[in-house]
Amino acid sequence: MGFVEEIKRSLTVAPFECAWGEELRFGQPGRGCVAFEASAQNDVTLVFRQQPGSQHYHYKMDSSRHYTVILGSHRNKRLRIEVDGSTVVDVAALGLCCSSSFQAYWISIYDGLISIGQGRHPNTNLLFQWLDPDPNPNVQYVGLSSWDKHVGYRNVSILPAAPRNSILWNHIKHAYADSDQRLCCGKRGFRDDSDQRLLADFLESWDFSDAVFVVGIERKVVPAHKIVLCASGDFPFQIADGATIELPSVSYPVLHSLLEYIYTGSTQIAEWLLSSLLELSSHFKIKSLVKCCEEIIDCLEVDNKLSESGRILKLSGSGFQDHKFGSFPLKAPVDAQKIGQFLANGKHSDINIHVNGHGLVAKGHKLILSLWSVPLAKFMYYGELKLDTRDITSVLVELLLLSDQFAVTVLQFECCKRIMECLSEDTVCSVLQAVSSIPSCKLLEEVCKRNFATHFDYCTTACTDFVLLDEATFKDILQHCDMTVTSEERVLDAILTWCMGTCETFYWTSLDKLLRTSTPEQLFGERLSAIDTLLPLVRFPLMQLSMLKRMERSNLANQIQVFRQLVAEAIEFSHAGHWTPTSYECDRFQHRRSSYKELQYISDGDSNGVIYYAGTSFGKHQWMNPVLAKNITVVASSPNSRHTDPKALVSKNYQGTCFAGPCIEDGKKLSWWMVDIGQEHQLMCNYYTVRQDGSTTFMRSWVLQGSMDGRNWTSLRVHDDDATICHPGQFASWPIIGPPALLPFRFFRVALTGPAAGSVPNAWNLCICFLELYGYFR
């Protein structure tokens with residue numbers, strides 16, 4: 001088993017030791033990010049070296065160039081960074097480590113910039129940054145170390161570091177006041193390894209030129225670009241032959257300064273030509289340049305220094321539009337909004353963009369597209385993503401693939417960020433299919449795998465898109481430490497369905513019947529070899545003995561050797577009881593960390609539901625009202641009163657009068673009772689029970705809903721004109737079926753969606769005195 005696979009579960013590092021591994025290595029020297037979870041009272045220590053050290057290596061004794069980052073130094077009060085053993089950063093960071101549970105952190109190094117943050121996602125929740133004035137470009141190995149106490153690590157991942165022109169770079173604050181100068185190269189602005197071209201590169205260039213100026217008596221020809229000029233001012237290109245602008249009375253230095261200002265945002269000119277530049281910029285209505293010239297002239301007049309001297313004056317634009325991306329190549333005074341309008345109306349277009357199946361989708365401009373190196377029209381024209389909210393994930397995935405293909409790093413990071421923000425169990429498979437082949441999207445890939453593993457039942461049951469995942473990705477999900485399932489049968493069914501590679505869900509029992517008339521080679525085809533790799537990931541020993549006996553007699557056991565061996569091993573384990581040899585210490589003999597407890601509905605008013613279970617403090621003592629025990633919270637749509645009592649809804653006593661009154665939500669009348677089962681708990685609800693109070697006001701149209709945050713609700717079961725409840729004190733129960741039953745929620749509510757029936761017309765009181773929920777709980 002590889003080192004990284006091992007520490008994805010857990011790894012404990014003894015005092016003054018350090019764990020190394022070939023897998024804990026940046027893909028590119030000097031640039032990388034390590035994301036991890038750590039459990040410690042203090043001194044979570046990571047070492048970054050050019051070569052790996054030994055287990056007993058002590059970072060103070062290292063003679064080679066290296067960085068050391070210590071989280072929770074000085075008894076969990078400081079954050080320290082050391083370079084070659086010498087402290088360069090020592091800042092207050094009280095309570096950064098916590099011994100009671102694992103906490104997530106990330107540390108990124110990019111050309112000497114060390115970024116440190118909390119959370120699972122790099123470049124979020126930034127804690128501190130420091131820029132090494134003399135960067136070590138060769139560090140690439142990561143050591144997991146400790147100080148004077150044990151430190152636990154788990155879920156360690158090596159990821160690419162965000163480049164300096166990423167969408168998050170704008171939020172970075174460096175330790176040096178002159179850092180902006182360090183990040184720039186030359187007067188034309190920021191440069192990095194992305195080979196992104198700037199508008200300045202096209203100043204007086206014939207590349208993509210579609211307009212020319214003819215200036216002075218010498219009739220010098222100067223190339224330009226219509227879209228840039230028209231987005232900066234008012235240039236006369238409306239006539240049919242409007243690609244040439246004659247300026248016989250203008251000298252070339254004046255025109256050059258005007259164009260330089262347009263293409264770069266700044267320029268310089270001899271003082272005696274300043275008035276001519278003002279006149280030319282006024283003629284073409286370049287407002288920012290006009291203002292700049294006027295301010296300088298006013299200043300010179302006040303000082304009585306205006307003359308025809310040869311002094312060189314510098315003009316620079318400021319206060320222009322602030323784009324979300326620091327690397328946006330269209331600088332002042334070019335108006336990005338006008339550029340967007342030119343995209344919409346096709347004005348000054350010199351290229352047509354066609355997409356298979358959609359025909360002509362845009363009339364573009366070669367210059368704008370070449371600035372980004374890829375045909376991603378809206379992002380390129382506006383410098384920000386403007387997307388329709390409908391089917392946003394599929395659009396983002398397409399943009400991500402294109403931005404990777406043509407190396408638009410800024411857009412790539414923005415797409416990854418947006419996808420993670422809107423990722424859901426319904427879209428995770430399609431995203432995984434796309435990003436698993438993109439090396440620079442490892443963070444997004446890990447987020448998708450964790451999401452899939454956490455909602456494994458739903459992702460493998462609601463649809464069969466998961467069969468399109470490659471074997472390595474599917475195997476990673478099956479081995480994920482956050483894997484959450486309601487039963488090992490579901491894992492077995494998912495593996496068999498994937499091996500079948502069809503759009504139909506197969507249960508092991510239905511596949512067993514097919515094997516009466518077909519061979520495994522016929523059923524699984526080229527994926528037959530994957531059976532031997534994937535089936536051992538099913539934890540057969542966790543299944544009931546009666547189920548294993550059925551499997552032992554099945555056609556699957558007769559025709560698939562690995563299945564037969566695994567079932568036999570599980571039966572042997574079951575018979576062995578508590579006296580199990582050490583060979584049973586592998587994963588498939590261990591309960592999954594996140595497995596759910598099944599709370600099964602038996603009968604109305606039984607003691608098997610989650611609310612009753614909460615009353616026993618989840619099996620720890622005798623029952624007491626869970627609201628009084630503060631294990632759950634109950635809230636009504638109307639204020640608490642003698643007849644709207646939260647603790648009465650979850651008591652075991654019948655209440656003659658117990659109701660929730662109406663309120664207005666989103667302009668609609670609604671009455672509801674809501675239960676919060678607690679921040680640390682979730683329930684995949686598959687059954688629920690209510691009981692009518694002593695009144696004759698019966699609900700007819702209502703819905704049971706679930707939520708993770710108490711604000712965004714998912715309907716689990718909708719009732720329209722349901723007359724099941726028809727007399728006081730009556731119990732009634734209903735199953736939750738389909739995909740909603742496979743989604744975990746923290747909050748649940750029964751909400752009246754229409755008037756109740758009874759002696760009082762148009763009544764909106766929700767008159768129930770008991771609620772219980774069943775399903776898979778954790």
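Keep in mind the model is a prediction, meaning the values are calculated, not measured. (Residues numbered from 1 in each chain as written. Predicted model: local features only at pLDDT ≥ 70, side-chain atom pairs only at ≥ 80, totals over all residues. Heavy atoms only, no water.)

**Some details on the packing of aromatic side chains**
In this structure the tally under the stated criterion is 21 aromatic pairs. Taken together, a centroid distance of 5.6 Å and an interplanar angle of 20 degrees make the contact between Phe474 and Trp498 stacked. Taken as a pair, Phe474 in helix α16 (residues 471-478) and Trp498 in helix α17 (residues 488-500) lie far apart in primary sequence, 24 residues in all. Of the residues examined, Phe474 reaches a relative accessible area of 0% and is grouped as buried. Linked through ring pairs, Phe36, Tyr105 and Tyr153 together constitute an aromatic cluster. Taking NZ or CZ as reference, Arg49 lies 5.9 Å from the ring centre of Trp20, over its face. If you follow Lys220 out to its NZ or CZ, it ends over the ring of Tyr252, 4.9 Å from the centre. (Phe/Tyr/Trp six-rings, centres within 6.5 Å; stacked < 30°, edge-to-face > 60°. Helix = DSSP H or I, 4+ residues; strand = E, 2+ residues; numbered from the N terminus. Buried < 20%, exposed > 50% of the residue type's maximum accessible area, 1.4 Å probe, protein only. Lys NZ or Arg CZ within 6 Å of the ring centre and 35° of its normal.)

**Quick look at the packing of helix α13 (residues 428-435) against helix α14 (residues 442-454)**
One can describe the packing of α13 onto α14 by two numbers: an axis separation of 10 Å at closest approach and a directional angle of 145 degrees. Regarding α13 and α14, the two cross each other, and that crossing is left-handed. Contacts from Val428, Cys429, Val431, Leu432 and Val435 in α13 reach Leu444, Glu445, Cys448, Lys449, Asn451 and Phe452 in α14. In terms of residue class, the contact of α13 with α14 is made up of eight nonpolar, one polar and two charged. (Axes fitted to C-alpha atoms, helices over the stretch in contact; angles between N-to-C directions. Left-handed = near helix turned anticlockwise from the far one by under 90°. Contact = heavy atoms within 4.5 Å. Nonpolar A, V, L, I, M, F, W, Y, C, P; charged D, E, K, R; others polar.)

**Considering the sheet that holds strand β1 (residues 11-13)**
With antiparallel pairing, six strands are arranged side by side in an open sheet as β1-β12-β3-β8-β9-β10. Each end of this open sheet is capped by a strand with a single partner; those strands are β1 and β10 (126-131). The average angle at which neighbouring strand axes cross in this sheet is 25 degrees, direction not considered. Relative to strand β12 (residues 151-159), strand β3 (residues 31-39) runs antiparallel, the two sharing six bridges. Across the sheet, Ala38 pairs through a bridge with Tyr153, a residue of β12. (Pairing = 2+ DSSP bridges.)

**Thoughts on the pattern of salt bridges**
Per the counting criterion, the structure on display carries 19 salt bridges. The salt bridge partner of Glu82 is Arg80, with a shortest N-O separation of 3.2 Å. Arg80 shares its class with Glu82; the two are buried. A salt bridge links Arg311 to Glu271, with the nearest nitrogen and oxygen atoms 2.8 Å apart. With Arg311 in the loop between α7 (287-302) and β17 (312-316) and Glu271 in the loop between β16 (266-270) and α6 (274-283), this pair connects stretches of sequence that are 40 residues apart. Judged by relative accessible area, which is 41%, Arg311 ranks as partly exposed. (Salt bridge = Lys/Arg side-chain N within 4 Å of Asp/Glu carboxyl O.)

**A look at the nonpolar core**
Formed by 71 residues in total, the largest nonpolar core has its most connected members in Phe452, Phe456, Leu492, Leu535, Phe540, Met551 and Phe563. Here the element with the most residues in this core is α17; it accounts for eight residues. Other than its neighbours up to four places away in sequence, Met551 contacts Leu492, Trp508, Phe540, Met543, Ala557, Phe563 and Val567. (Core = buried A, V, L, I, M, F, W, Y, C linked by side-chain atoms within 4.5 Å.)

**Describing helix α8 (residues 336-345)**
At 3.6 residues per turn, the α-helix brings residues three or four places apart onto the same side. Buried within α8 are the following residues: Ala336, Ile339, Gly340, Phe342 and Leu343. Take α8 and look down its axis: the buried residues cluster within an arc of 155 degrees, on one side only. (Arc of directions from axis to C-beta.)

**A short note on the sheet that holds strand β14 (residues 220-224)**
Read across the open sheet, the three strands follow the order β14-β13-β15; overall the sheet is mixed. Lying at the two open borders of the sheet, with one neighbouring strand each, are β14 and β15 (244-247). Looking at each pair of strands side by side, their axes are set apart by 20 degrees on average, direction ignored. Looking at chain direction, strand β13 (residues 211-215) and β15 are connected through four bridges and run parallel. Its bridge partner lying in β15, Val215 is registered against Leu247. Against the sheet, helix α5 (residues 252-264) touches β13, β14 and β15, its axis set at about 5 degrees to β14.

**Here's the deal with the pairing of β14**
Two elements, β13 and β14, share five bridges in a ladder whose sense is antiparallel. Across the sheet, residue Ala211 finds its bridge partner in β14, namely Ala224. Hairpin connection between β13 and β14: a loop of four residues separates the two successive antiparallel strands, and Gly216 in this loop has a positive phi of roughly 70 degrees.

**Some points on helix α11 (residues 392-405)**
The terminal C-alpha atoms of α11, which comprises 14 residues, lie 20 Å apart, in line with the 20 Å expected from a rise of 1.5 Å per residue. Thr393, Leu396, Val397, Leu399, Leu400 and Ser403 are the residues of α11 that are buried. In an axial view of α11, the angular spread of the buried residues amounts to 165 degrees, which keeps them on one side of the axis. For α11, exposure combined with an orientation more than 90 degrees from the buried face picks out Glu398 and Gln405. Buried-residue contacts for α11 involve α12 (409-422), α13 and α14. (Expected span 1.5 Å × (residues − 1).)

**Side note on empty space enclosed by the protein**
Take a probe with the size of a water molecule and roll it over the atoms, and the empty space left behind shows itself. What the rule picks out here adds up to two cavities of 30 Å³ or more. Each pocket or cavity is described by its volume, and for the second largest cavity that value is around 30 Å³. Forming the walls of the second largest cavity are Thr454, His455, Phe456, Asp457, Thr484, Tyr596, Met684, Leu742 and Pro744. Split into classes, the residues belonging to the lining of the second largest cavity amount to five nonpolar, three polar and one charged. (1 Å grid on protein atoms, 1.4 Å probe; cavity = no way out; pocket = protein on both sides within 12 Å on 5 of 7 lines; lining within 4 Å. Points joined across faces, edges and corners; volume = space filled by probe spheres on them.)

**Section: the environment of Phe466**
Note on placement: Phe466 falls in the loop between α15 (456-461) and α16. Between the alpha carbons of Phe466 and Leu432 there is a distance of 9.2 Å; along the sequence they are 34 residues apart. Ignoring any residue separated from it by four or fewer positions in sequence, one finds Phe466 in contact with Cys429, Phe452, Cys459, Thr460, Phe474, Ala494, Thr497 and Trp498.

**Let's talk about the environment of Cys503**
The topology assignment puts Cys503 in the loop between α17 and α18 (508-514). Since its relative accessible area comes to 72%, Cys503 is described here as exposed. Spatially, the C-alpha atom of Cys503 lies 9.4 Å from that of Phe466, the residues being 37 residues apart in sequence.

**Regarding the packing of α14 against α16**
At a closest axis distance of 9 Å, the pairing of α14 and α16 adopts a crossing angle of 55 degrees. Between α14 and α16, the crossing angle belongs to the class labelled oblique. When the axes of α14 and α16 are compared, the crossing they make is right-handed. Where α14 abuts α16, its residues Glu445, Lys449, Phe452 and Ala453 lie against Thr473, Asp476 and Ile477. (Parallel < 35°, antiparallel > 145°, perpendicular 65-115°, else oblique.)

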